[in-house]
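Commentary on secondary and tertiary structure
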Amino acid sequence: MTQPGQKRNYQREMEQIMEREGREGRIPSLLLHSCCAPCSSYVLEYLSRYFDITVYYYNPNIAPKEEYETRVKEQERLIREMGLQRPVKFLAGEYVPEDFYAAAKGHEADPEGGERCVRCYELRLAHAAGVAARGGYDYFTTTLSISPLKNADKLNEIGARLGDQWGVPYLLSDFKKKNGYKRSVQLSAEYGLYRQDYCGCVFSQAEARARKSAGNGR
């Protein structure tokens, strides 16, 4: 049990769930929300040993549409090409960018990692929870925590709350642990994956361009 003021070890909690499922001798189903192929690479490599995975690609924050389509194709290609222990299924959500802009309204100028991003987490995880519940999955989770720029505490807090609401457990996780992010970079290079230089939305893209310009002295 986590003591007051002690930081939760989500990696260990996830391992305990997998150990328990293993003792019961079954392979549970997992709906894995994926933000992009590079982030999903290590997560798929790791979790496919323990779960029957369906990758759920729901990211209405990504802009422009051409960028969204590129990322979808890379996700599908990675699933086809990775030599995983179990077959992985793919499920595409609807691309309705207006849903993201509605969620982000009033927070367009927030810095990356601020309230706008939290609302984006909530939007995507809420859809994933609904799909997981309607599909009868044993668990759902997201690849988002593999990024050093994403708040694992907030993601797990949102995921656990939505899991309670929908009646499907959220698989607590912090995939950047145990060199998860480093491994995702290695796998991205191995499979020649397209690695974008911004999170996905027009606001993060503008921030990335500003950082690049500042770094180049322009």
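Residues numbered from 1 in each chain as written. Predicted model: local features only at pLDDT ≥ 70, side-chain atom pairs only at ≥ 80, totals over all residues. Heavy atoms only, no water.

Describing the overall build of the chain
- Along the chain, the regular secondary structure elements total eight helices and four strands.
- Reading the chain from its N end, one meets helices and strands in the order α-β-α-β-α-β-α-α-β-α-α-α.
- Expected size for 218 residues packed as a compact globule is a radius of gyration near 17 Å; at 17 Å, the chain falls within 12% of this value.
- In the form shown here, the chain has an accessible surface area of approximately 10700 Å², with 50% of it arising from carbon and sulfur atoms.
- Counting 32 positive and 29 negative side-chain charges, the chain places the averaged centre of each group 4 Å from the other. (Helix = DSSP H or I, 4+ residues; strand = E, 2+ residues; numbered from the N terminus. Rg over C-alpha atoms; globule rule 2.2 N^0.38 Å. Areas by Shrake-Rupley, 256 points an atom, 1.4 Å probe, with all protein chains shown as cover. Lys, Arg positive; Asp, Glu negative; His and termini not counted. Charge placed at Lys NZ, Arg CZ, Asp CG, Glu CD.)

What about the pairing of strand S4 (residues 139–142)?
- The alternating pattern of S4 places Tyr139 and Thr141 and Phe140 and Thr142 on opposite faces, both of which are buried.
- Taken together, the four bridges between strand S1 (residues 29–33) and S4 define a ladder with parallel strand orientation. Directly across from Leu31, in S4, lies its bridge partner Phe140. (Buried < 20%, exposed > 50% of the residue type's maximum accessible area, 1.4 Å probe, protein only. Pairing = 2+ DSSP bridges.)

Quick word on the side chain of Ser41
- If you trace the backbone, Ser41 turns up in helix H2 (residues 37–47).
- Classification of Ser41 by relative accessible area gives buried; the value is 0%.
- Those residues in contact with Ser41 that sit more than four places away from it in its chain are Leu78, Met82, Ser184, Leu187 and Ser188. (Contact = heavy atoms within 4.5 Å.)

Section: the nonpolar core
- Grouped together as the largest cluster of nonpolar side chains are 57 residues, with contacts concentrated most on Leu44, Leu47, Ile53 and Phe140.
- For this core, the element with the highest residue contribution is helix H5 (residues 115–135), accounting for ten residues.
- When neighbours within four sequence positions are excluded, Leu47 is seen to be in contact with Met14, Met18, Leu30, Ile53, Leu171 and Phe175. (Core = buried A, V, L, I, M, F, W, Y, C linked by side-chain atoms within 4.5 Å.)

Focus on the pairing of strand S3 (residues 89–92)
- Here strand S2 (residues 52–57) pairs with S3 via four bridges, running parallel. Within the sheet, the bridge partner assigned to Tyr56 lies in S3 and is Leu91.
- The parallel pair S2 and S3, bridged by helix H3 (residues 65–81), forms a crossover whose chirality is right-handed. (Right-handed = clockwise from strand over helix to strand, strands pointing away.)

Section: the sheet that holds S1
- Read across the open sheet, the four strands follow the order S3-S2-S1-S4; overall the sheet is parallel. Both edges of this open sheet fall to S3 and S4, since each of them pairs with a single strand only. Sheet twist, expressed as the average angle between the axes of neighbouring strands with direction ignored, equals 25°. (Axes fitted to C-alpha atoms, helices over the stretch in contact; angles between N-to-C directions.)

Focus on helix H4 (residues 97–104)
- Of the positions making up H4, those classed as buried are Pro97, Phe100, Ala103 and Ala104. Within H4, the buried residues cover an arc of 120° as seen down the axis, which keeps them to one side. Across from the buried face of H4, at angles greater than 90 degrees, the exposed residues are Glu98 and Ala102.
- Residues of H4 that are buried sit in contact with H5 and helix H8 (202–215).
- Trailing H4 by a residue or two, Gly106 shows a phi angle of about 90°, which is positive. (Arc of directions from axis to C-beta.)

Points about the state of the cysteines
- Under the criterion given, the structure shown has zero disulfides.
- Here Cys35 is not cross-linked by a disulfide; its sulfur's nearest cysteine counterpart is in Cys39, at 3.8 Å.
- Taking the relative accessible area as the measure of exposure, Cys35 reaches 11% and is therefore buried.
- The thiol of Cys36 is not disulfide-bonded; the next cysteine sulfur, from Cys39, is found 3.6 Å away. (Disulfide = S-S within 2.5 Å.)

Note that every value here comes from positions in space, so none of it alone points to a role or purpose.
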